[in-house]
Structures are given as C-alpha cells and as structure tokens.
Amino acid sequence: MQLQLLCVGDVVGSPGRRGLQEALPVLTAKHAIDCVIVNAENVTQGAGLAAAGYEKVIQDGAHLITLGDHVYRRRDIIPVLERAENIVRPANLPSAAPGREFAIHETASGRKVAVISLLGRMFMKTNANCPFAAADRVLAALPKDAKIIVVDMHAEATSEKVAMGWHLDGRVSVVFGTHTHIPTADERILPKGTAYITDVGMTGPYDSVLGRNKDRVVGSMISGVPSAFDVAEADIRLCGILATIDADTGRATKIERIRFDATAA
Ligand SMILES: [Fe+2]
Ligand SMILES: [Fe+2]
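Values in this document were obtained by computation on a predicted structure and should not be read as measured data.

About the criteria used
Residues numbered from 1 in each chain as written. Chains lettered and ligands numbered in written order. Predicted model: local features only at pLDDT ≥ 70, side-chain atom pairs only at ≥ 80, totals over all residues. Heavy atoms only, no water. Helix = DSSP H or I, 4+ residues; strand = E, 2+ residues; numbered from the N terminus. Rg over C-alpha atoms; globule rule 2.2 N^0.38 Å. Buried < 20%, exposed > 50% of the residue type's maximum accessible area, 1.4 Å probe, protein only. Areas by Shrake-Rupley, 256 points an atom, 1.4 Å probe, with all protein chains shown as cover. Lys, Arg positive; Asp, Glu negative; His and termini not counted. Charge placed at Lys NZ, Arg CZ, Asp CG, Glu CD. Donors = N, O, S within 2.8 Å, 3.2 Å for Na, K, Ca; no water. Tetrahedral: all angles 85-135°; square planar, octahedral: opposite > 155°, others 65-115°. Contact = heavy atoms within 4.5 Å. Axes fitted to C-alpha atoms, helices over the stretch in contact; angles between N-to-C directions. Parallel < 35°, antiparallel > 145°, perpendicular 65-115°, else oblique. Left-handed = near helix turned anticlockwise from the far one by under 90°. Nonpolar A, V, L, I, M, F, W, Y, C, P; charged D, E, K, R; others polar. Pairing = 2+ DSSP bridges. 1 Å grid on protein atoms, 1.4 Å probe; cavity = no way out; pocket = protein on both sides within 12 Å on 5 of 7 lines; lining within 4 Å. Points joined across faces, edges and corners; volume = space filled by probe spheres on them.

Student: Pulling in residues and values, what's your account of the overall build of the protein?
Tutor: Looking only at helices and strands, the protein features six helices and 12 strands. A compact globule built from 265 residues should have a C-alpha radius of gyration of about 18 Å, and the protein, at 17 Å, falls within 12% of that. When the backbone C-alpha atoms are referred to their principal axes, the protein occupies close to 55 × 40 × 35 Å. Across the 265 residues in the protein, those meeting the buried criterion constitute 55%. Total accessible area computed for the protein in this model is approximately 11,100 Å², and 54% of it derives from carbon and sulfur atoms. Treating the 29 positive side-chain charges of the protein as one cloud and the 30 negative ones as another, the clouds have centres 2 Å apart.

Laid out in structure tokens, this is it:
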C-alpha cells in the first residue's frame, strides 16, 4: 500500500494561511493525500505561532504541525505544545523545553505517520544541541509500529541539511528542509529509500523578501537603518513536496515538488 504525504513549507502570516486554505482542498482531492504536515513557525504576523493560529492551521487541514527557531515567540503556544498531540517542538532544544519531540498521526487507513523537527546549528541564532544525536535519540524512542517517519530539518545551511539527509537515509521516509523560505530543486530519493529536499520553500507572499514587505527590506539593506518588516501580501503560493511512501517498509518511492499559485486578489 502506498501513502501520499504532503509536506508544506513555512506558512507566513495571513497570506500564507490563505494559500493553505485555497491549496489544500485542491491538492488533497487531486493526489488523495493521506497526511498533511505543515511548518507553521511564521503564521502569526510572520513570526511564531499563537494558540489561535494553531487552531486555524488545524482547521485548514494540517494533520501534523512543525515549528522552528520561532517556536516560543508567542508564549500562549506553550500550553498547546504541552497538551496537543499533533504539534512538535524542535527535538534538539534543551530537555526541559516545553513540547513533545515527536507526534504521530493515524491516517484514515490506520497507518501511523510520525513527525520529528530538528534545528540546524550553522548560522542560526538559537542555541540548539546536536541535531544528529537528537535524531538518533528520538528515532530510538519511537513506537515500533510507526514505520512512516518524516523529519523537518529547519536550518539555514544547505550543507547541514544535506548531511542530515545522508545521516537519516534508510531510517526515515522523508527529510524535508525548511527555514530559508526559498525552494530548492534537489529533490530526490536517496539510495536507501529516504525522500530528500534541501528546502521546500515558504507558503506565503512571494512579492516580497522571504515573505516581508520588499520595499522595507531593500530600503533597510541600502540605508543600514532598521525597520519593522511587515508581512507582504501579493503573489501567494503554497510550496511543498508530495512524497509517495510504501506503507509497509516506510521507504519512499517518489518525491515531487509542489507549487500551488493562489488565485490573484
Ligand atoms: Fe525559521
Ligand atoms: Fe520560516
């Protein structure tokens, strides 16, 4: 039996949520998707995920939610992270950090999909532990019947993400990169059966710099004067990957980049 997983890149602000709302019904119908995994670290005004935003992203159709370096930006997400079973914090934060290290979604066909989030350490401001050791530790703790395992590698450096793909090849079904907000064209199935991509790109307004008002960002870069970077609005796209997984072995058989252009406002 084959399962179809949709992994969606960083949803940015309310334009990103609009992209989700328009895209998910269409993509789900077209591809018979069994599980939707959404990186929601930029949902609330572009940085973090508030409790209200969590509820909305679940209503939009996410089965599992990952975050990133903005995990605790909105403090009211902390009780959600402690209570909810469908959202994870990065697994390589300190052990006392609130939130779970893996989450499991049971599909309509009764298959378990586990998700793990990891933070890179290169060029990142967060003080994370070794993501490779954290991945090994969490994989050892997963229930044995969770054969389909998806890892969101949230990192800046392409090298660190590629290295994680190799580290986990044959041990997880998918490693998808997030955080840079720019899609890469290197999707492939690694030799031992892990679907890999360095970054799926963001879901949000592409008439922007990484989702923010382009005039503000460009002006600030030119003048050296800091500015509040508000979320942009136009050219909304959902970016992600669709992975086909053999449900019995957990191995990926196909990975395809997805880009859905939301209708013009
Ligand atoms: Fe990030
Ligand atoms: Fe992000």
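Student: So what about the coordination of the iron ion (ligand 1)? Which residues, and what values?
Tutor: For the iron ion (ligand 1), every protein donor is listed as Glu41 (OE), Asp69 (OD), His154 (NE2) and His179 (ND1), and the spread of their distances is 2.1 to 2.2 Å. For the iron ion (ligand 1), the four donor atoms are set out with angles of 85 to 143° between them, so the coordination reads as irregular. Each donor residue of the iron ion (ligand 1) belongs to the same chain, with the gaps between them written as E-x27-D-x84-H-x24-H. Between the two metals, the iron ion (ligand 1) and the iron ion (ligand 2), the spacing is 3.5 Å, and Glu41 donates to both.

Student: Lay out the coordination of the iron ion (ligand 2) in plain terms, naming residues and giving numbers.
Tutor: In the first shell of the iron ion (ligand 2), the protein supplies Asp10 (OD), Glu41 (OE), Asn42 (OD1) and His181 (NE2), at 2.1 to 2.2 Å from the metal. Seen from the iron ion (ligand 2), its four donor atoms lie at angles of 87 to 169°, and the figure they make is irregular. All donors of the iron ion (ligand 2) belong to a single chain; written as a sequence motif, their spacing is D-x30-E-N-x138-H. With a relative accessible area of 7%, His181 lands in the buried category.

Student: Summarise the environment of His31; cite the residues concerned and give the values.
Tutor: Position of His31 among the secondary structure elements: in helix H1 (residues 13-31). Remark: the alpha-carbon pair of His31 and Val80, spanning 49 residues in sequence, is separated by 30 Å. Not counting residues up to four positions away in its chain, the partners in contact with His31 are Gln4, Leu242 and Ile258.

Student: Which residues make up the packing of helix H4 (residues 131-141) against helix H5 (residues 158-168), and what values do they have?
Tutor: Packed helices, taken two at a time, are described by the angle between their axes plus the distance between the axes. Here H4 crosses H5 at 30°, and the two axes come no closer than 11 Å. If you check the angle between H4 and H5, you find them roughly parallel. The crossing of H4 and H5 is right-handed. Contacts between H4 and H5 involve Pro131, Phe132, Ala135, Asp136 and Leu139 on the former and, on the latter, Glu160, Ala163, Met164, His167 and Leu168. Counted by class, the contact of H4 with H5 contains seven nonpolar, one polar and two charged residues.

Student: Provide a residue-level description of the pairing of strand E7 (residues 174-178), including the pertinent values.
Tutor: Within a regular strand, the side chains alternate between the two sheet faces. In terms of burial, E7 is a largely internal element, five of the five residues being buried. Here E7 shows two buried faces, one formed by Val174, Phe176 and Thr178 and the other by Val175 and Gly177. Examined bridge by bridge, strand E6 (residues 148-154) and E7 share five bridges and lie parallel to one another. When the sheet's bridge partners are listed, Val150 is paired in E7 with Val174.

Student: Can you lay out the sheet that holds strand E8 (residues 188-189) for me, pointing to particular residues and giving the numbers?
Tutor: Whether parallel or antiparallel, the strands of a sheet pair through hydrogen bonds between backbone atoms. Here six strands make up an open sheet; going across it, the order is E4-E5-E6-E7-E9-E8 and the pairing mixed. Bordering the open sheet on either side are strand E4 (103-106) and E8, each of which pairs with just one other strand. Pairing analysis gives four bridges linking E4 to strand E5 (residues 112-119), with the strands arranged antiparallel. Across the sheet, the residue bridging to His105 is Val113, located in E5. Across the face of the sheet, H4 comes into contact with E5 and E6 while running at roughly 155° to E5.

Student: Account for the layout of surface pockets, naming residues and giving values.
Tutor: If you add up the space inside the largest pocket, you get close to 620 Å³. For the largest pocket, the lining is made up of 21 residues, of which Asp69, His70, Lys125, His179 and Arg212 are closest to its centre. Here the lining of the largest pocket is composed, by residue class, of eight nonpolar, seven polar and six charged.

Purely geometric numbers; function is a separate question.
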